[in-house]
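In case you want the letters, here they are:
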Amino acid sequence: MDDVLAYLDAEHPEPHPLILELEQHGRKDGVSNVARATARLLATLVVCMQANRILEIGTAYGYATLWMTLAQPPAGKIWTIDPDIERTTVALSYFQRAGEADDIVISNQSALELLPMFPHRNLDIVFIDAAKTEYRAYLDLVLPMLKRSGVIVVDNCLLGGRVAQAPRKDDPPEVVAMRDFNSYFLQHPDLDSTILPVGDGTGIGARVR
Ligand SMILES: C[S@@+](CC[C@H](N)C(=O)[O-])C[C@H]1O[C@@H](n2cnc3c(N)ncnc32)[C@H](O)[C@@H]1O
């Protein structure tokens, strides 16, 4: 599998220099960026949907945000949530250097505090990448904010493959939560969903009603 990923990476055009710098910055500081393959998939979705209105839960250093903002049409907007101000300060510095800071709104609150008051609707894409035990609650809160045919993208659906293994008594809460979330997401009556073995497991669900 590593050979396949290396082959695919080599065949794609080189990412934007700031994206390459941010990958190294995250590695150096031990801050986890979403996998490049997932970020690339997100950017392709942004382009094909001409996604102007995006909500991200879990900014960190803004790696996925940067991929998405660079793929957005000129009037595009991204609202991104992360309570960790140190991390989002780094993210903001990259958005500024990319000339995209005016199109990105960072909120330093926990998502479950902010989402019940989040005023925007008709979202094209919601990207969920924060506290794994809260994913089900995020989904319930953001679904009404998504336009019909809008898409929810979810990172870490497989957690390094542990989610797909037989359940054990000592499974960490994140693994238990993601098993529950995946069933809920895939069987949700308002979504047409799938989970791909891309990155750490990428869920994609289109709102159908
Ligand atoms: C895996 S990182 C996000 C990676 C990022 N999306 C990227 O593109 O690389 C997860 C982030 O979620 C944030 N987080 C944790 N709990 C959260 C919460 N309750 N609400 C919003 N963000 C949260 C963490 O501070 C962390 O920076």
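Let me sum up the structure you'll find in this document. Fair warning: this is a prediction, and the values are worked out from it, not measured in the lab.

On to the site of the ligand, then. Around the ligand there are 19 residues in total, and Gly58, Ala60, Ala64, Ala111 and Ala130 lie nearest to it. Its residues assigned to classes, the shell around the ligand shows ten nonpolar, four polar and five charged.

Along any regular strand the residues' side chains alternate between the sheet's two faces. Along strand β1 (residues 53-57), five of the five residues are buried, which leaves the element largely enclosed by surrounding structure. Where burial is concerned, the two faces of β1 agree: the one with Arg53, Leu55 and Ile57 and the one with Ile54 and Glu56 are both buried. Inspection of the sheet shows β1 paired to strand β2 (residues 77-81) by five bridges, in the parallel sense. In the strand pairing of β2, isoleucine 57 is matched with isoleucine 81. Crossover handedness for the path β1 to helix α4 (residues 63-71) to β2: right-handed.

A sheet is described by the order of its strands in space; here seven strands give the open sequence β3-β2-β1-β4-β5-β7-β6, paired in mixed fashion. Edge positions in the sheet fall to β3 (104-107) and β6 (191-196), since each of these pairs with one other strand and no more. Mean inter-strand twist for the sheet, computed between neighbouring axes without regard to direction, equals 15°. Where β6 meets strand β7 (residues 202-207), six bridges bridge the pair, whose relative direction is antiparallel. Residue pairing across strands places isoleucine 195 opposite glycine 203, the latter belonging to β7. Set on the sheet, helix α3 (residues 36-49) makes contact with β4 (123-128), β5 (146-154) and β7; between it and β4 the angle comes to about 170°. Across the sheet, helix α7 (residues 135-142) touches β1, β4 and β5, and the angle it forms with β5 is around 165°.

Calculation rules
- Residues numbered from 1 in each chain as written.
- Predicted model: local features only at pLDDT ≥ 70, side-chain atom pairs only at ≥ 80, totals over all residues.
- Near = placed C-beta within 6 Å.
- Nonpolar A, V, L, I, M, F, W, Y, C, P; charged D, E, K, R; others polar.
- Buried ≥ 20, exposed ≤ 12 C-beta atoms within 10 Å, placed from the backbone.
- Helix = DSSP H or I, 4+ residues; strand = E, 2+ residues; numbered from the N terminus.
- Pairing = 2+ DSSP bridges.
- Right-handed = clockwise from strand over helix to strand, strands pointing away.
- Axes fitted to C-alpha atoms, helices over the stretch in contact; angles between N-to-C directions.
- Contact = placed C-beta atoms within 7 Å.

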